[in-house]
Amino acid sequence: MRSRVKWVGVLVVLVLASGCSYVTVRDSAMPSRTKDQYTRVKRVAILPLENYSDQKDAEKTVDSLLTTYLRETEVFDQVEDTRFVRDTMKKLKITNTDILDKEVVKKLGDEMNVQGVLYGKVLYYGPGKAKDAGSQVTIDLSLVEPSSGTVLWTGNVSSYGGLTVGKVFGVTEGKLDIEVARDAVKKLAGTMADEVEDARNKEKKGILAALKKEQDQEQARLEKLKAETGKLQGEIDKAKSEAKAITDNAAKSAEQVKADLELQKAALEAEKTKTQAAQQEIDQDKLKVEVERKKIEEEKKALEEARKKAEEAQKKAAEPPPAAPSPAPAPAAPSPAPEAAPPAAAPPAGTPSQ
């Protein structure tokens, strides 16, 4: 019984000793400033971490672990290796990653063609300060959007290896520094991946909500247009009906006008025929009058010539006879009686007397 109690006590102590190992994470993701700020971060680069611990090359160990665990999360399409990042920094003459201004971050992003830059520091790496304390690793990390210089996410992790069992029971030395570092980096990478995915899901929901809102607005606009179109169609149908009635009436009126015009045309033709006949009669009468006028002119001329002849004859009759030649005048012959004037011609029938 005593041996059983002893082994139970040992197991309890071992469990408690191993249970002192734990990881704490504090992180914060900034709200999206645009509808796809997190969604468009597909390729990221990890800048060499700054080492503030007493352990030499601790930052390189954490860099390697961070690259591995971030790739395992698959939250980003590509994670650039720190060797490539170091070459780019050397090209741009960047030596310090503790404090980076927006211009430097933008240059790095453009040069490496990435949408996210991770930078940070190893604050602690190695045995804890307390007596018999296990290993401790503390890391600060930030994710920045290089195009705008906006910090999207910040995180801090502290991993503790717990009391070394070897110093309590002389059994083992507890977790190694690298194991504690793995716990810290894995937890920090997983937390960041979860935050980024949550932010992307929120963006997707926001995009879907915006699309739904736009769709609803578009549907409402279409319904309104449909109603207005229906109203306009009714007005168009009414206008068509009125236009048809007007057209029919106009056609009837046109037929009536055409018939009236035909009648007027026929009447005008008849009147024209009568006028032409009357004009012909007038022309014939004018011709007759002209013939009569010429006849009268000729008769007047004949009368004038007869009158002149009569006057000449009277004038000759009134003149004294010429003297007889010498020596002896011939006996005077008796003077002939004057000729009577010819009687005036009777005017032609139908001629008015003057």
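Worth saying up front: this structure is predicted, and the values here are computed from it rather than measured.

**Looking at the pattern of salt bridges**
For step 1, the next point in the chain: The tally for this structure, following the rule as stated, stands at 16 salt bridges.
For step 2, the next point in the chain: The partner of Arg-221 in a salt bridge is Glu-218, and the shortest N-O contact between them spans 2.5 Å. With a gap of three residues between them, Arg-221 and Glu-218 both fall in helix α6 (residues 177-318), about one helical turn apart.
For step 3, the next point in the chain: You can call Arg-221 partly exposed: its relative accessible area is 43%.
For step 4, the next point in the chain: The class for Glu-218 is partly exposed, based on a relative accessible area of 34%.
For step 5, the next point in the chain: Connected through shared salt-bridge partners, Asp-36, Arg-40 and Glu-145 make up one network.

**Re helix α2 (residues 58-73)**
For step 1, the next point in the chain: End to end, α2 covers 23 Å across 16 residues, agreeing with the expected 22 Å (1.5 Å per residue, within 8%).
For step 2, the next point in the chain: Of all the positions in α2, only Ala-58, Glu-59, Val-62, Asp-63, Leu-65, Leu-66, Thr-67, Tyr-69 and Leu-70 are classed as buried.
For step 3, the next point in the chain: Of the residues trailing α2, Glu-74 is marked for its positive phi of about 60°.

**Considerations on helix α3 (residues 82-92)**
For step 1, the next point in the chain: For α3, the set of buried residues is Thr-82, Val-85, Thr-88 and Met-89. Each buried residue of α3 sits inside an arc of 115° when the element is viewed along its axis, so together they form one side. Facing away from the buried side of α3 by over 90 degrees, the exposed positions are Arg-83, Asp-87, Lys-90 and Lys-91.
For step 2, the next point in the chain: Tucked inside the fold, the buried residues of α3 contact β2 (43-46), α2, β4 (78-80) and α4 (102-112).
For step 3, the next point in the chain: For α3, the N-terminal capping position is held by Asp-81, with its side-chain oxygen 2.9 Å away from the main-chain nitrogen of Arg-83.

**Here's the deal with the nonpolar core**
For step 1, the next point in the chain: Judged by nonpolar contacts, the single largest core of 34 residues is most densely connected at Leu-70, Phe-76, Ile-139 and Leu-143.
For step 2, the next point in the chain: Contributions of two or more residues to this core are made by β2, α2, β5 (116-127), β6 (135-145), β7 (150-160) and α6.
For step 3, the next point in the chain: When residues in this core are grouped by element, the largest group, 10 residues, is from α6.
For step 4, the next point in the chain: Ignoring any residue separated from it by four or fewer positions in sequence, one finds Ile-139 in contact with Val-62, Lys-121, Gly-155, Asn-156, Val-157, Ala-184, Val-185 and Leu-188.
For step 5, the next point in the chain: If you look at the next biggest cluster of nonpolar residues, it comprises 13 residues, including Met-89, Leu-100, Met-112 and Val-114.

About the criteria used
Residues numbered from 1 in each chain as written. Predicted model: local features only at pLDDT ≥ 70, side-chain atom pairs only at ≥ 80, totals over all residues. Heavy atoms only, no water. Salt bridge = Lys/Arg side-chain N within 4 Å of Asp/Glu carboxyl O. Helix = DSSP H or I, 4+ residues; strand = E, 2+ residues; numbered from the N terminus. Buried < 20%, exposed > 50% of the residue type's maximum accessible area, 1.4 Å probe, protein only. Expected span 1.5 Å × (residues − 1). Arc of directions from axis to C-beta. Contact = heavy atoms within 4.5 Å. Polar contact = N/O pair within 3.5 Å; in protein donor to acceptor, adjacent residues only side chain to side chain. Core = buried A, V, L, I, M, F, W, Y, C linked by side-chain atoms within 4.5 Å.

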